[in-house]
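# Commentary on secondary and tertiary structure
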Amino acid sequence: VKPGLPFLLLAGSIVMGLILGLIYAWVIDPVDLINTTPDLLRVDYRHEWIRLAALGYVADRDLTRAQARLEPLPQDDIGEALTALVEAYAAQGRPAETMRSLSYLAQQLGVHTPAMDIYLGTSLRPTPPPPSPSATPIPSPTPPLSPPPATATPIVLPTPTPTPLPTPASSPYRVISQTMVCTGTAAQLRVFVQSAPVVAGTQERAGATETPQPTPLAGVVLWLTWPEGADRAVTGMRPWIDPGYVDFALEMDVPYALSVDEPNFPVLSGLMVPLCPASDGEPPQPGSWRVIVSVESSASPLR
Amino acid sequence: MRKIPFLALIGLATGVALGLLVGWVVWRVEYTNTAPEQLRQDYRDDYILMVAAAYQVEGNLGAARDRLGLLDADDPAQPVVDLTERLIAAGGRPSDIEMLVDLADGLGAVTAPMVPYLEGSP
């Protein structure tokens, strides 16, 4: 026997045994984790866990329990999943009470999304300066409009129909512009809600000639009703278009009415999908409406 | 010459022991993408309870069934039944039991202990 052979044999058999042991431990019979925790869930299940915990809070209003359920999870995941849930629910027009609960939970967990502000009582409406006794609003025949949604070059065809309804004297809401828009996209009602321009007294005294600018208003609830149903939306969900913007899909041959705050007091009714003029012998295509609703400064606070 | 097989055996046994120690303890397989069915029992219970709560809020039975299917694909209602009966027996929170019974009712899996909750007189 050569002098080094026993040592080599021992080392070789240890290595061989190590390899066999690892194959058994990692492949044949790995540690079976059957008692895992939520933070080990796959990312989609983890987000589902967060959504369920949030809905659990909506159902039982137990904040401590919701926090305990979310405690093991990373804050990034919580923020991402809750934001998606709040925004999806807002877009679906879920009940305000549900939205308030979700928004409150999100706030408690340090999550913030613009859709929440509406339900947390954080007013997004700017407070216009109180009118001075000497202030006189400067009439503006063509009020400055908010920018339209980003679409292909629109053909804007002003039309006089239908006529905005006369609203009760106490109503702060008024349709100040209604325009047919032909963009080649699906028929929509695009509403821009803005505060009525107010001129500060100091400006007038100083002889300023600058036209007052209306301010887009977020957090205004709009209702679109038709004979068989209703839809609800809140301005402020698409701030990249305009903070006071909201849109509704329209269907052909259905008469719609638009209301603000409550569904029973329309500011606009008899609204139908308009037809854009035909070109090159093609049939007329459905168009959209662009409506501007002005809110007097005395409008009620947010819900 | 007799020592050689003995040494090989000792070496192999030591190697296997080391391999198992490393594979099961030191560098064990890490599970980071687990599914709800692998959750610990208390988290599974919480999951079922949250599914019942989501059903209360959304009223979407299909979604509830899909979520429960991650725990028991063959019989999604069974985890609800098991948990409800356990909570009833243990005197759990009534509002939790009511949500679970409501879900069990939606899934067509009401059992005798749940009936009083459906009748409003537990």
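This text gives an overview of the structure that appears in the document.

Reading the values: rules and limits
- Residues numbered from 1 in each chain as written.
- Chains lettered and ligands numbered in written order.
- Predicted model: local features only at pLDDT ≥ 70, side-chain atom pairs only at ≥ 80, totals over all residues.
- Heavy atoms only, no water.
- Phe/Tyr/Trp six-rings, centres within 6.5 Å; stacked < 30°, edge-to-face > 60°.
- Helix = DSSP H or I, 4+ residues; strand = E, 2+ residues; numbered from the N terminus.
- Buried < 20%, exposed > 50% of the residue type's maximum accessible area, 1.4 Å probe, protein only.
- Salt bridge = Lys/Arg side-chain N within 4 Å of Asp/Glu carboxyl O.
- Contact = heavy atoms within 4.5 Å.
- Buried area = accessible area lost by both parts, 1.4 Å probe.
- Polar contact = N/O pair within 3.5 Å; in protein donor to acceptor, adjacent residues only side chain to side chain.

On to the packing of aromatic side chains, then. Residue and element names in this part refer to chain A. Tallied over the full model, the rule gives 4 aromatic pairs over all chains. Taking 6.5 Å as the distance between ring centres and 25° as the angle between the ring planes, the aromatic pair formed by Tyr-57 and Tyr-104 counts as stacked. Of the two residues, Tyr-57 is situated in helix H2 (residues 43-60) and Tyr-104 in helix H5 (residues 96-108); the sequence distance between them amounts to 47 residues. The class for Tyr-104 is partly exposed, based on a relative accessible area of 35%. An angle of 50° between the planes, with centres 5.0 Å apart, marks the rings of Phe-192 and Tyr-245 as tilted. Placement of Phe-192 in strand E3 (residues 188-195) and of Tyr-245 in strand E6 (residues 245-249) is noted, with a sequence separation of 53 residues between them. Residues Phe-192 and Tyr-245 agree in their burial class; the two are buried.

Here we come to the pattern of salt bridges. Two side chains bearing opposite charge may form a pair once their charged atoms approach each other closely. Per the counting criterion, the structure on display carries 13 salt bridges over all chains. For the salt bridge of Arg61(A) with Glu97(A), the shortest nitrogen-to-oxygen distance reads 3.7 Å. Pair noted here: Arg61(A) is in the loop between H2 and helix H3 (63-70) and Glu97(A) is in helix H5, with a separation of 36 residues, a long-range link. For Arg61(A), a relative accessible area of 40% translates into the label partly exposed. Among the ionic pairs, Arg67(B) bridges to Glu58(B), the shortest N-O distance being 3.3 Å.

Taken residue by residue, the interface counts 44 residues in chain B and 45 residues in chain A. Contact between chain B and chain A buries roughly 4,000 Å² in total, counting both sides, with carbon and sulfur atoms accounting for 69%. Seen at the junction of chain B and chain A, the total is 4 salt bridges. Note that Arg93(B) and Asp62(A) form a salt bridge whose closest N and O atoms lie 2.8 Å from each other. Remark: the boundary between chain B and chain A carries 14 residue pairs in polar contact (both at pLDDT 80 or more).

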